[in-house]
Amino acid sequence: MTIRERIDAFWSGERPDQIPYTIYQNEWRHTADDPAWTPMYANGLGVTWYLRSFEWKLRDVEIVDQPYVENGKPMRRLTQRTPVGEIHATWADGWNQKYFLETAADYRVLTYIIRHTDVVPAYDAYLAKAAQLPPHAIAIPEIWRTPLQRILVDFAGLENFGWHLSEYAGELQALYDALLDNFRQVVEVVAKGPGRYVSNLENFTADSLGPRRYEKYLLPVYEECFPILHAAGKLVGSHYDGRTKSCRAQITRAPIDLIESLTPPPEGDQTLAEARAAWPDKLFWSNLNVGGYELPPKELKELVLKRVAEGSPDGRRFAFEVSEQYPANWRDSMPVVLEALKETRG
Amino acid sequence: MDPIIREIYDAILAGNSKAVEAKVPVALAAGLAPKQILEEGMIAAMAEVGRLFEEGEYFVPEMLIAARAMQAGLALLKPRLKEGNVQSAGRVAIGSVLGDLHDIGKNLVAMMLEGAGFEVLDLGTNVTPAKFVATVTEKDVRIIALSALLTTTMASMKTTIDALAQAGVRGKIKIMVGGAPITEVFARQIGADGYAPDASRAVALAKSLVAA
């Protein structure tokens, strides 16, 4: 099987010839030209390419994206200006230094922006990009995040978010409502577009919300929107890269087909055996812990096979990936994983 | 428990900063000792927050707003604590190690330690071993708390501990480590004195380290 056929079998819940293994394009891209990758593609490694089949178009919003230097450090400031005010965020080395949402007024401006954001299809652009990808690439359309996760991850950051939940509850709800309307449009557009598997890049970790908020804010959105994608013949995977145990019962009920970026302890808090017992029918696209890549080859191989035994006793519904930290020793360790996976051939 | 202190305790548990700010002056005006307000109203409430977090009743947002409420009350109480010469549980210097720009976990631990009565020196993120050494040398610190979220930056924890040893100050302090990829085994391997898997258990660890 090619990696695309293998992934297709994985998505179908069928048994591929061996357990698939992929890496995120944004993790891999920094070293894409390194010839050390070539034998790994031949050995079955795939690269997942997240592409948008929709586009957000802003009305009455001016964007100013400004690089600058602060204390000798290169910084980026992104300002969004509207008739009701402006908001800005800053980054250093790609990390948020200041988030868009800090005051109640910021919420009102961002709500205006979201209410003035149209969702338009970008199917041709998606198909054109997908057609240009190499054979080891897997194109995946994405729907970005659900409303609360956008507020938490993209706009407020966890610390502001915790505070705003109580301090700016009304403003937060108004923004949430605007984002939900927008998310519904994204789902409608993506449902009619290309791609069999759709990624919800949720960036969820249970500690940041807890089961009650999951039940209130995430689950209803999944229950309303994901069946629209299902009706269009698509599968949905949610990027749950953190802890999941405290929301296990809620996740069981969520119409999520695939838990993507599932990571066992120590980064996550459920072993694959626990996750499989809780979610027997969900597909898992799972990370090996980055610490695992540091193991001697024999131990790394044993870890890979142990994880397969836990997560996929029958060789179905399971794949490995690198979606989080990029193993610094990838030249040495990732070929070991690929060799180990040959032993999963049925 | 005194009824006013109970109100402060409950307000912290609920993360109600405004109520804490309103009640602390009432408690002081009623003649309650600052030390009693701190220990029975605030530290006890934050200990309960930690317990509820460990039990899976509270999550990060609840912990954050409780810590903010505690800080609001502590700001009002601090001058009176100084006047009364009330000692902190110990001085802790905390930072994300060199190369690591993550700060949420570190900030949570700092807040919870402060909530437990420790004096916390937050050195920020991407902290060099030299800065940790200088802090120990200059600030009479009892505990160094090192945070790392990335396996690629975990090695900086060992570098920091080695630098403290080379500077001859390792014996003066206890070192605790934490962060998503850190384990008890790793903590032992690099010569740390303890490891905590979350902010709540970091408080218990810090208490045990200062008591040792």
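Being a predicted model, the structure only gives us computed values, none of them experimental. (Residues numbered from 1 in each chain as written. Chains lettered and ligands numbered in written order. Predicted model: local features only at pLDDT ≥ 70, side-chain atom pairs only at ≥ 80, totals over all residues. Heavy atoms only, no water.)

Draft legend 1. Fine view of the sheet that holds strand E11 (residues 235–239) of chain A. Residue and element names in this part refer to chain A. One open sheet accounts for 8 strands, arranged E9-E2-E1-E14-E13-E12-E11-E10; its pairing is parallel. Where the open sheet ends on each side, the last strands, each with one partner, are strand E9 (137–141) and strand E10 (197–200). Here the average twist between neighbouring strands, direction ignored, is 30 degrees. Looking at chain direction, strand E1 (residues 21–24) and strand E2 (residues 45–51) are connected through 4 bridges and run parallel. Along E2, the bridge assignment pairs Ile23 with Val47. Across the sheet, helix H12 (residues 297–311) is in contact with strand E13 (283–287) and strand E14 (318–322); its angle to E14 comes to roughly 135 degrees. (Pairing = 2+ DSSP bridges. Helix = DSSP H or I, 4+ residues; strand = E, 2+ residues; numbered from the N terminus. Axes fitted to C-alpha atoms, helices over the stretch in contact; angles between N-to-C directions. Contact = heavy atoms within 4.5 Å.)

Draft legend 2. Inspection of the confidence of the model for chain B at higher detail. Mean pLDDT over chain B works out to 92, with 100% of the residues at or above the 70 mark. The complex model carries a pTM of 0.90, and its ipTM stands at 0.87. (pLDDT = per-residue confidence, 0-100.)

Draft legend 3. Up close: the packing of helix H6 (residues 147–167) of chain A against helix H4 (residues 60–83) of chain B. Closest axis-to-axis distance for the H6(A)/H4(B) pair is 8 Å, and the angle between their directions is 80 degrees. Classified by the interaxial angle, the pair formed by H6(A) and H4(B) is roughly perpendicular. Contacts between H6(A) and H4(B) involve Leu158(A), Glu159(A), Phe161(A), Gly162(A), Trp163(A), Leu165(A) and Ser166(A) on the former and, on the latter, Val60(B), Pro61(B), Leu64(B), Ile65(B) and Arg68(B). (Parallel < 35°, antiparallel > 145°, perpendicular 65-115°, else oblique.)

Draft legend 4. Spatial organisation of the packing of aromatic side chains. Residues and elements named next belong to chain A. Under the criterion given, the structure shown has 20 aromatic pairs over all chains. Summarising the aromatic geometry, the rings of Trp11 and Trp285 are spaced 6.3 Å apart at their centres and angled 75 degrees between planes, so their arrangement reads as edge-to-face. Separated by 274 residues along the polypeptide, Trp11 in helix H1 (residues 3–12) and Trp285 in strand E13 bring together distant segments of the chain. Under the relative-accessibility criterion, Trp11 is labelled buried at 8%. For Trp285, a relative accessible area of 0% translates into the label buried. Both rings, one in Phe204 and one in Tyr240, keep their centres 4.6 Å apart while their planes meet at 45 degrees; by these two values the pair is tilted. (Phe/Tyr/Trp six-rings, centres within 6.5 Å; stacked < 30°, edge-to-face > 60°. Buried < 20%, exposed > 50% of the residue type's maximum accessible area, 1.4 Å probe, protein only.)

Draft legend 5. Molecular detail of the pattern of salt bridges. Counted by the stated rule, this structure contains 33 salt bridges over all chains. Among the ionic pairs, Arg243(A) bridges to Asp207(A), the shortest N-O distance being 3.6 Å. Here Asp207(A) lies in the loop between E10 and helix H8 (211–231) and Arg243(A) lies in the loop between E11 and helix H9 (248–253), a separation of 36 residues in the sequence. Asp10(B) is paired through a salt bridge with Arg6(B); the nearest N and O atoms lie 3.4 Å apart. With Asp10(B) and Arg6(B) both in helix H1 (residues 3–13) and 4 residues apart, the pair spans about one turn of that helix. With a relative accessible area of 35%, Asp10(B) lands in the partly exposed category. Bridged by salt links that share partners, the residues Arg115(A), Asp181(A), Arg184(A) and Glu224(A) form one connected network. (Salt bridge = Lys/Arg side-chain N within 4 Å of Asp/Glu carboxyl O.)

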